[in-house]
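Per-entry structural report
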Amino acid sequence: MEVKVKKRHGAWNKIVSPFISAYLKKQFAYTFEKCDIKPPYLVLANHTTDYDAFFIAKSFKNHLYFVMSDHVSSIPVVGKLVRHLVSPIPITKSTSDPTTVRNIMSVIKQGAPVALFPEGNKSFSGEMSEMKHSIAKLAKKLNVPVVIYNITGGYFSSPRWTKNKRKGHVHGAVKLILSPEEMKNMTDEEIFKVIKDNLRVNAYEVQEKEHQIFKGKNLAQNIETFLYVCPSCHSISSLHGEGNRFYCDKCNFESTYDEYGYVHNDFFTRLDKFDKWQKDFLKTIDYASMDENHVITKDGGFELKKKVDNYKSKKVGVFTLSCFKNRFELENEKQKITIPFSEIAGYALEGVNGIQLHLKDGTIYRFKNEYTISGLKYLNIYCTITGTEMRF
């Protein structure tokens, strides 16, 4: 379905803008710098919170058509309302969807600006996530100004791994504008490097300069959705957050999380360093010597849905998800679904622990857990075993 630029989209934006501004100021002490640029143009921004689209929109006069995960547009009632009022450009995260590119080009040709997050995912650790090189080709092909936008403070205000927000300061501003004329004389690799270098925001590097406080309650709650390996005993899925502390249920490891975003234990002070370590640890495991039926990790309570189209998914049931060295298995009392790693064409993480798998036969599965388990660990184990790039 082609995205059409409508007057109501801009009108609705003007109606709700004062209310959004009041909320952002109250919740995030949000400040921003205006960007006076005429459409069409492409905005590229780093991605840290669920509120990033609202942060970015405040800097521009025009209604921005955001590229948004299709799992949002597939939510009953809400999805239809969002499509009618702001008409985001849907994208299936785990695929290279040509329809999304066509819609972006269509909106630009209609004279409107488009905004997207090249990382495709909010950061779990505060470090920039990996982005695809194809963003450089798209930027050059559109032949419009590319506005690179930075959001700082977002990660510590609303970490991806928890629902608990903190009171701090978030700021948004344009870092760089690349003109079509500049890009004509650049290779795709040169464009990619400029985008990546100027898009990168490491929350801890910024925090070490600014020393901002982010006040809140239960600061470590749900941290187990992100940290899945104990640095002391190396157990998987043994960490649990409680209040402002987290601990291992297999050994005596314990840590606190403070209002500056730092952790206090015998191993790490920064979550980005902790995350790098746990990813590296997965690479030390001898998967080859494991029995094919050895369960590396498993969790119950996954609601499985099968994608129908960009605006609809069908519920299959609630399953226990198990990870083996060569496959995922989803099983309940009625059925078992086996997904060999060799049949996976793409993957994505949705929200805190939602997993999306795109199979080579075109099937797209989404499974999400209401409990505080890590969906991230499943994808990082899969990436480690198959040699696939870890994008989160």
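Residues numbered from 1 in each chain as written. Predicted model: local features only at pLDDT ≥ 70, side-chain atom pairs only at ≥ 80, totals over all residues. Heavy atoms only, no water.

Remark on secondary structure: sheet strands pair via backbone hydrogen bonds, oriented parallel or antiparallel. Overall, antiparallel pairing links the 4 strands, which are arranged β8-β9-β10-β11 in an open sheet. In the strand order of this sheet, the two ends are held by β8 (239-242) and β11 (263-264), each with one partner. Bridging between β8 and strand β9 (residues 245-248) involves 4 bridges; their strand directions are antiparallel. Bridging from a neighbouring strand, E242 pairs with R245 of β9. (Pairing = 2+ DSSP bridges. Helix = DSSP H or I, 4+ residues; strand = E, 2+ residues; numbered from the N terminus.)

Residue placement: S125 occurs in the loop between β5 (114-116) and α6 (134-142). Using a relative accessible area of 6% as the deciding quantity, one classes S125 as buried. A distance of 3.2 Å separates a polar atom in the side chain of S125 from the backbone nitrogen of E127. Contact partners of S125, with chain neighbours within four places excluded, come to Y155, Y204, F226, L271, D272 and D275. (Buried < 20%, exposed > 50% of the residue type's maximum accessible area, 1.4 Å probe, protein only. Polar contact = N/O pair within 3.5 Å; in protein donor to acceptor, adjacent residues only side chain to side chain. Contact = heavy atoms within 4.5 Å.)

Another aspect to go through is empty space enclosed by the protein. Applying the stated rule across the entire model yields 2 cavities of 30 Å³ or more. Roughly 160 Å³ of volume is contained in the largest cavity. Within the residue set of the lining of the largest cavity, elements represented by two or more residues are β6 (146-152), α7 (154-157) and α10 (203-210). Residues belonging to the lining of the largest cavity are distributed by class as follows: 8 nonpolar, 10 polar and 3 charged. In this structure, the second largest cavity encloses a volume near 30 Å³. Lining of the second largest cavity is provided by F156, R166, F214, L219, Y257, D258, E259, Y260 and G261. Across the lining of the second largest cavity, the residue classes break down as 5 nonpolar, 1 polar and 3 charged. (1 Å grid on protein atoms, 1.4 Å probe; cavity = no way out; pocket = protein on both sides within 12 Å on 5 of 7 lines; lining within 4 Å. Points joined across faces, edges and corners; volume = space filled by probe spheres on them. Nonpolar A, V, L, I, M, F, W, Y, C, P; charged D, E, K, R; others polar.)

A large share of strand β16 (residues 344-350) lies buried, amounting to 6 of its 7 residues. Inspection of the sheet shows β16 paired to strand β17 (residues 354-359) by 6 bridges, in the antiparallel sense. Bridge pairing in β17 places E350 opposite G354. Adjacent in sequence and paired antiparallel, β16 and β17 are bridged by 3 residues, among which G351 carries a positive phi angle near 65°.

Time to look at the pairing of strand β15 (residues 336-340). Only one face of β15 is buried, namely the one carrying I337 and I339, since none of K336, T338 and P340 on the opposite face is buried. Pairing analysis gives 5 bridges linking strand β14 (residues 327-331) to β15, with the strands arranged antiparallel. The residue bridging L330 from the neighbouring strand is I337, located in β15.

This part takes up the state of the cysteines. The tally for this structure, following the rule as stated, stands at 0 disulfides. Among the cysteines around C230, which has no disulfide bond, C251 carries the closest sulfur, lying 3.6 Å off. Looking at the unpaired C383, the closest cysteine sulfur is the one in C323, lying at 11 Å. Residue class for C383 comes out buried when judged on its relative accessible area of 2%. (Disulfide = S-S within 2.5 Å.)

Let us now look at the sheet that holds β5. Spatial strand order, β1-β7-β6-β2-β5-β3-β4: 7 strands in an open sheet with mixed pairing. The two strands at the open ends of the sheet, each matched to only one other strand, are β1 (31-32) and β4 (89-91). Two strands pair when backbone bridges link them, and β6 and strand β7 (residues 171-178) are joined in this way by 7 bridges, in the antiparallel orientation. Looking across to β7, one finds that I148 is bridged to L176.

Here the focus is helix α5 (residues 98-109). For α5, which comprises 12 residues, the first-to-last C-alpha distance of 17 Å matches the rise-based estimate of 16 Å (1.5 Å per residue) to within 8%. For α5, the complete set of buried residues consists of T100, N103, I104, S106, V107 and I108. At its buried positions, α5 is contacted by β3 (65-69), β4, β5 and α6. (Expected span 1.5 Å × (residues − 1).)

Taken by themselves, the reported measurements are silent on function.
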